[in-house]
Amino acid sequence: MATNADKKFPDGFLWGSSTSAYQVEGGIVNTDWNEAARQGILPDPGRADDHYHLFEKDFDIAVELGHNAHRFSIEWARIEPEEGVFDERAIEHYKLVFDALEKRHLTPAVTLWHFTVPLWFDKSGGFLRKDAATIFSRYCEYVLDKLGNRSKMWMTMNEPMIWTQNAYFNGNWPPFHNDLVDYLRVINVLAAAHKKVYQYVQAKKMPIQLGVAKNNMYFDSNRSPFNRMLVWFLDWFWNRRFLNKIKGHQDFIALNQYFYKRFGEPRPILPRSDMGWEVYPRSLYLCLMELKRYNLPVYVMENGIADAADTKRAAFIKEATMWAHKALEDGVPLKGYFYWSLLDNFEWDKGFDKRFGLVEVQYDTMKRIIRPSALVFKEICQGNALFI
Ligand code: IFM
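Structure report, in brief. For every chain, the first residue of the written sequence is number 1, and numbering continues from 1 along that sequence. Predicted model: local features are reported for residues with pLDDT of at least 70 only, side-chain atom pairs are reported and counted for 80 or more only, and whole-chain, interface and lining totals are derived from all residues. Heavy atoms throughout the structure, all of them, feed into the side-chain values; hydrogens and water do not.

Broken down by element type, the protein carries 13 helices and ten strands. In terms of overall size, the protein behaves like a compact globule, its C-alpha atoms giving a radius of gyration of 20 Å where 388 residues would be expected to give roughly 21 Å. Principal axes of the C-alpha set define a box for the protein whose edges measure 55 × 50 × 45 Å. Only protein chains enter the area calculation, which uses a 1.4 Å probe; residues under 20% of their type maximum are buried, those over 50% are exposed, and those in between are partly exposed. Across the 388 residues in the protein, those meeting the buried criterion constitute 60%. The contact criterion used is simple: two residues touch if any of their non-hydrogen atoms lie within 4.5 Å. By sequence separation, contacts in the protein at least 24 residues apart represent 76% of the contacts at least 6 residues apart. When the accessible surface of the protein is summed, it comes to about 15,400 Å², and 53% of that surface belongs to carbon and sulfur atoms. For the purposes of this entry, the term helix denotes a DSSP run of H or I that reaches at least four residues, the term strand denotes a run of E that reaches at least two, and both are numbered from the N terminus. Within these notes, the globule rule equals 2.2 Å times the number of residues to the 0.38 power, and the radius of gyration is based on C-alpha atoms. Only the protein chains shown count as covering a residue, and every accessible area follows the Shrake-Rupley method with a 1.4 Å probe.

We now examine the sheet that holds strand E5 (residues 209–221). Overall, parallel pairing links the eight strands, which are arranged E1-E2-E3-E4-E5-E6-E7-E8 in a closed barrel. If you compare each strand with its neighbour and ignore which way they point, the axes differ by 30° on average. Pairing between two strands requires that DSSP report at least two bridges joining them. Where strand E2 (residues 69–73) and strand E3 (residues 107–111) come together, five bridges link them in parallel fashion. Opposite Ser 73, over in E3, you have Thr 111 as the bridge partner. With axes taken as lines fitted to C-alpha atoms, and helix axes fitted only over the stretch in contact, angles between N-to-C directions fall between 0 and 180 degrees. Set on the sheet, helix H10 (residues 225–245) makes contact with strand E4 (153–158), E5 and strand E6 (253–263); between it and E5 the angle comes to about 175°. Most of the contacts of helix H11 (residues 282–290) go to E6, to which it runs at about 120°, and overall it touches E5, E6, strand E7 (298–302) and strand E8 (334–340).

Two rings from Phe, Tyr or Trp (for Trp, the six-membered ring) form a pair when their centres are within 6.5 Å of each other. A pair whose planes differ by under 30 degrees is stacked, one over 60 is edge-to-face, and the rest are tilted. Applying the stated criterion to the full structure yields 50 aromatic pairs. Ring centres of Trp 277 and Phe 356 lie 6.1 Å apart, and the angle between their planes is 55°; on these two criteria the pair is classed as tilted. In this pair, Trp 277 is assigned in the loop between E6 and H11 and Phe 356 in the loop between E8 and strand E9 (359–362), connecting sequence segments 79 residues apart. Put simply, the rings of Trp 76, Trp 113, Trp 120, Phe 121, Phe 127, Phe 136, Tyr 139, Trp 163 and Tyr 168 touch in pairs and so form one group of aromatic residues. The criterion is that NZ of a Lys, or CZ of an Arg, lies within 6 Å of the ring centre and within 35 degrees of the ring normal, and then a charge sits over that ring. In this arrangement the basic side chain of Arg 282 is found over the ring face of Trp 323, its NZ or CZ atom lying 5.8 Å from the centre.

An α-helical turn contains 3.6 residues, so a residue and the one three or four places further along point in the same direction. Helix span, as expected, comes to 1.5 Å for every residue beyond the first. Look at helix H3 (residues 51–64): only 17 Å from first C-alpha to last across 14 residues, short of the 20 Å you get at 1.5 Å a residue. Within H3 the residues assigned to the buried category are His 51, Leu 54, Phe 55, Asp 58, Phe 59, Ile 61 and Ala 62. Looking at the buried side of H3, the elements it contacts are helix H1 (21–24), E2, helix H5 (88–103), E9 and strand E10 (367–370).

So, on to the pairing of E2. The element E2 is largely enclosed, with a buried count of five among its five residues. Covered by surrounding structure in E2 are Ala 69, Arg 71 and Ser 73 together with His 70 and Phe 72, the residues of both alternating faces.

For the rest of this paragraph, the subject is the site of the ligand. It suffices for a single heavy atom of a residue to lie within 4 Å of a molecule or strand for the residue to be listed as near it. With respect to spatial proximity, the complete set of residues near the ligand consists of Gln 23, His 114, Phe 115, Asn 158, Glu 159, Tyr 258, Trp 277, Glu 302, Trp 340, Glu 347, Trp 348 and Phe 356. Trp 340 places a side-chain nitrogen or oxygen 3.4 Å from an oxygen atom of the ligand. The protein chains hide 95% of the 280 Å² of surface that the ligand would expose on its own. Of the residues assigned to the shell around the ligand, the class counts are six nonpolar, three polar and three charged. Throughout this description, a polar contact denotes any pair of N or O atoms lying within 3.5 Å of each other; where both atoms belong to protein, one of them has to be capable of donating a hydrogen while the other can accept it, and for residues adjacent in sequence the pair is counted only when both atoms sit in side chains. When residues are sorted by character, Ala, Val, Leu, Ile, Met, Phe, Trp, Tyr, Cys and Pro go into the nonpolar class, Asp, Glu, Lys and Arg into the charged class, and all the rest, Gly among them, into the polar class.

Here we come to the nonpolar core. One finds Trp 76, Phe 127, Trp 154, Trp 163 and Tyr 337 to be the most contacted residues of the largest nonpolar core, which totals 126 residues. Ranked by residue count, the leading element in this core is helix H9 (residues 180–203), at eleven residues. Once residues within four sequence positions are removed from consideration, Phe 127 is found in contact with Trp 76, Trp 113, Val 117, Phe 121, Ala 132, Phe 136, Trp 163, Tyr 168, Val 186, Val 189 and Leu 190. Only buried residues count toward a nonpolar core. Its members are Ala, Val, Leu, Ile, Met, Phe, Trp, Tyr and Cys residues joined through side-chain atoms within 4.5 Å. In this structure, Ala 109, Ala 254, Tyr 299 and Met 301 belong to the second largest nonpolar core, which totals eleven residues.

With that settled, consider the pairing of E6. Of all eleven residues making up E6, nine are buried, and the element is well covered by its neighbours. Bridge count for E5 against E6 is eight bridges, and the pairing is parallel. Within the sheet, the bridge partner assigned to Ser 221 lies in E6 and is Phe 263. In the sheet, E6 pairs with E7 via four bridges, with the strands oriented parallel. Following the sheet pairing, Ala 254 is matched in E7 by Tyr 299. Read as a crossover between parallel neighbours, the route from E6 over H11 to E7 is right-handed. Orient the strands so they point away from the viewer; a crossover is then right-handed if the path from the first strand over the helix to the second runs clockwise.

This part is about the side chain of Asp 182. Here Asp 182 is to be found in helix H9. Arg 185 provides the closest opposite charge to the buried, unpaired Asp 182, separated from it by 5.2 Å. Not counting the four nearest positions on each side in its chain, Asp 182 is found in contact with Leu 128, Tyr 168 and His 177. When charges are tallied, Lys and Arg are placed among the positive residues and Asp and Glu among the negative ones, while His and the ends of the chain are skipped. Salt bridges are identified by distance alone: a Lys or Arg side-chain nitrogen within 4 Å of an Asp or Glu carboxyl oxygen.

So, about the environment of Val 181. Residue placement: Val 181 occurs in helix H9. Spatially, the C-alpha atoms of Val 181 and Leu 296 are 32 Å apart, while their sequence positions differ by 115 residues.

The next thing to look at is the environment of Arg 272. As for its position among the elements, Arg 272 is in the loop between E6 and H11. Accessibility expressed as a relative area gives 44% for Arg 272, which makes it partly exposed. Ignoring sequence-local partners within four residues, the contact set of Arg 272 consists of Trp 277, Glu 278, Val 279 and Lys 312. In this structure the side chain of Arg 272 is engaged in a polar contact, spanning 2.7 Å, whose partner is the backbone oxygen of Gly 276.

On to the packing of H9 against H10, then. Packing of H9 against H10 brings their axes to within 9 Å, and their N-to-C directions diverge by 40°. On the basis of the axis angle, H9 is oblique to H10. In the crossing of H9 with H10, the sense of the turn from one axis to the other is right-handed. Residues Tyr 183, Leu 184, Ile 187, Asn 188, Leu 190, Ala 191 and Lys 195 of H9 lie in contact with H10, whose contacting residues are Phe 237, Trp 238, Arg 241, Phe 242 and Lys 245. Residue classes in the contact of H9 with H10 are distributed as eight nonpolar, one polar and three charged. Working rule for angles: under 35 degrees goes down as roughly parallel, over 145 as roughly antiparallel, 65 to 115 as roughly perpendicular, anything else as oblique. By definition, turning the near helix anticlockwise from the far helix through less than a right angle yields a left-handed crossing, and turning it clockwise yields a right-handed one.

Written as structure tokens, this is what we have:
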């Protein structure tokens, strides 16, 4: 792998990493996921990374690693622990988080809802409630009224297609539904909920940008007629349909990219991450190119690899960022790249074994240890570009 000093990302490009509240904060007790953990159905995050208390130190590490931006999420269940009851202390906590970012010149990107819902919302029907979009929007509006001035970049939700697939189709995440009708209905509810929040932001003329963190995959085929049709369908259903539903209601596209799916032979033999996912960084480029059609600024909001031994991460990051740069050269209005994740963290139904972090977390002591690959990413963030 050679360096190529001519290839620079533009000034102002955002370099950072992503986290989410339930996965790193610790001490969250009143969500649908906590209830499933209490019943022994899902692992318990417990203290997670104790980021709730250690965020200042973690942001110091982000700065040390050359980042100029950071993505995190706000925990709905902390803000609205009971229906219609909002906890000002939770807002005060997130104010401290914003202060800490500002002090370190880390540009925030904030997700309002990342997978976990308050237990009261789950128990009362969750996103199948008739008024779900209104309830969701009320929460978002509350947070934006209180904290909207602290960040220019907000996302209402994370990976609506991944979440609905697991929660309403596969039935392996709360609320464990296995029902095509519910699945399709909840996708619509989420789109409606997002649009409601967007309209609120517009009506209030809030000087922020609002989007959705959208997981897109690259579907590829050996060009047999059947596979071509299948790929067209999947691309439409998975990648485009939700974005089309919220068309005109987002200011940027936040891409979360992990997957490349090829149908038919020959299939390239690809290395696999600790998640068992095929590692193919070029799929980032392919997905970015597909987003050109929306004519909106694009951010890579998540892209990463579970690699406890840290033997594949550095090459992954070099290749992925090389492909991100190629997408820029080929006309994608790419404004930032956020690696998933800053820290090892609680990987949902998989628990703590899968390690995505630039920084290793020793869960017994909460010690943070910077992985060698984080220093490779640092070189890239600082403009000493490393490309293939
Ligand atoms: O950990 C998740 C994150 O919460 C959402 N995007 C994918 C990551 C890795 O699975």
